[in-house]
Amino acid sequence: YPVDKYRLINSKYGDYTVRVQTPTYCYTKFESGHKKLYRPFETKRRFVTNCTKNDIGGLECLPKNGKKLIITKSYKDWRVLKNQGITPIWFQNEGMYPSLEILLPICNRFDEVNLFFDNDETGVQKAKDITDIINSFIPNKASNTHLPLYLNEEGISDPSDLIWHQNRENLLDFLSYKNLL
């Protein structure tokens, strides 16, 4: 939802209301009722949220069972992948992943799970870490992928960047090559 003001209650600065000066959007479809504000043109406090690590985006769109599940680390990348006909979910960020009691039953609903985080050092390492954790409980269930590292030099670190800086066809070619479509 587009937002023109928001109110923070019991924040570390107390209660206050903020009138936004730049486009701001709110994602509200978490089972917990939590919310996440996204302020794409801000450099400070780009995200304002009361979400926890267990708030996974996109769960309401998942089928009961499926062949492939892609896990990404942001709403923006989730939306891009979903628009390509992929079945994705998104975590709050690369460093926060849900408890295993929540994550493993979701993974069990799919034949394959692929972690698709940014192609920077953090994204590559965290995707590998989570893949290893999932595979330690459900052998050979998870894999991970990232865009080629050389794309970082062009400012491309994730699926939405690839479409923005290049085009949709390049993203589809990559997804097809990696067998993610």
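Residues numbered from 1 in each chain as written. Predicted model: local features only at pLDDT ≥ 70, side-chain atom pairs only at ≥ 80, totals over all residues. Heavy atoms only, no water.

Okay, the pairing of strand E7 (residues 110-116) next. Side-chain direction in a regular strand flips from residue to residue, so the side chains alternate between the two faces of the sheet. In terms of residue burial, E7 counts as a mostly covered element, since five of its seven residues are buried. Of the pairings in the sheet, the one linking strand E5 (residues 66-72) to E7 comprises five bridges and is parallel in character. By the bridge assignment, Ile70 is partnered in E7 with Asn114. Pairing geometry for E7 and strand E8 (residues 142-145), over four bridges, is parallel. Note on E8: the bridge partner recorded for Val113 is Ala142. (Buried < 20%, exposed > 50% of the residue type's maximum accessible area, 1.4 Å probe, protein only. Helix = DSSP H or I, 4+ residues; strand = E, 2+ residues; numbered from the N terminus. Pairing = 2+ DSSP bridges.)

This part takes up the pattern of salt bridges. Taken as a whole and assessed by the stated rule, the structure comprises seven salt bridges. Between Arg39 and Glu42 there is a salt bridge; the shortest N-O distance is 3.7 Å. Taking the relative accessible area as the measure of exposure, Arg39 reaches 10% and is therefore buried. Exposure remark for Glu42: the relative accessible area of 24% places this residue in the partly exposed category. For the salt bridge of Lys67 with Glu112, the shortest nitrogen-to-oxygen distance reads 4.0 Å. Taken as a pair, Lys67 in strand E5 and Glu112 in strand E7 lie far apart in primary sequence, 45 residues in all. Under the relative-accessibility criterion, Glu112 is labelled partly exposed at 32%. (Salt bridge = Lys/Arg side-chain N within 4 Å of Asp/Glu carboxyl O.)

With that out of the way, let us pick up helix H3 (residues 121-137). Compared with an ideal rise of 1.5 Å per residue, which puts 17 residues at 24 Å, H3 spans 25 Å between its outermost C-alpha atoms and is within 8% of the ideal. For H3, the set of buried residues is Gly123, Ala127, Ile130, Thr131 and Ile134. The arc enclosing the buried residues of H3, seen along the axis, measures out at 105 degrees, which places them on a common side. Opposite its buried face, H3 presents the exposed residues Glu121 and Ser136, each directed more than 90 degrees away. (Expected span 1.5 Å × (residues − 1). Arc of directions from axis to C-beta.)

To continue, consider the sheet that holds E7. If you walk across this open sheet you meet the four strands as E6-E5-E7-E8, and the pairing is parallel. The sheet is open, and its two borders are formed by strand E6 (88-90) and E8, each paired with just one other strand. Ignoring which end each strand starts from, the neighbouring axes of this sheet average 25 degrees apart. Lying over the sheet, helix H1 (residues 75-83) contacts E5, E6 and E7, oriented at roughly 175 degrees with respect to E6. Helix-sheet contacts for helix H2 (residues 100-108) involve E5, E6 and E7, and the interaxial angle to E7 is about 125 degrees. (Axes fitted to C-alpha atoms, helices over the stretch in contact; angles between N-to-C directions. Contact = heavy atoms within 4.5 Å.)

The values reported here are purely geometric and, on their own, carry no functional implication.
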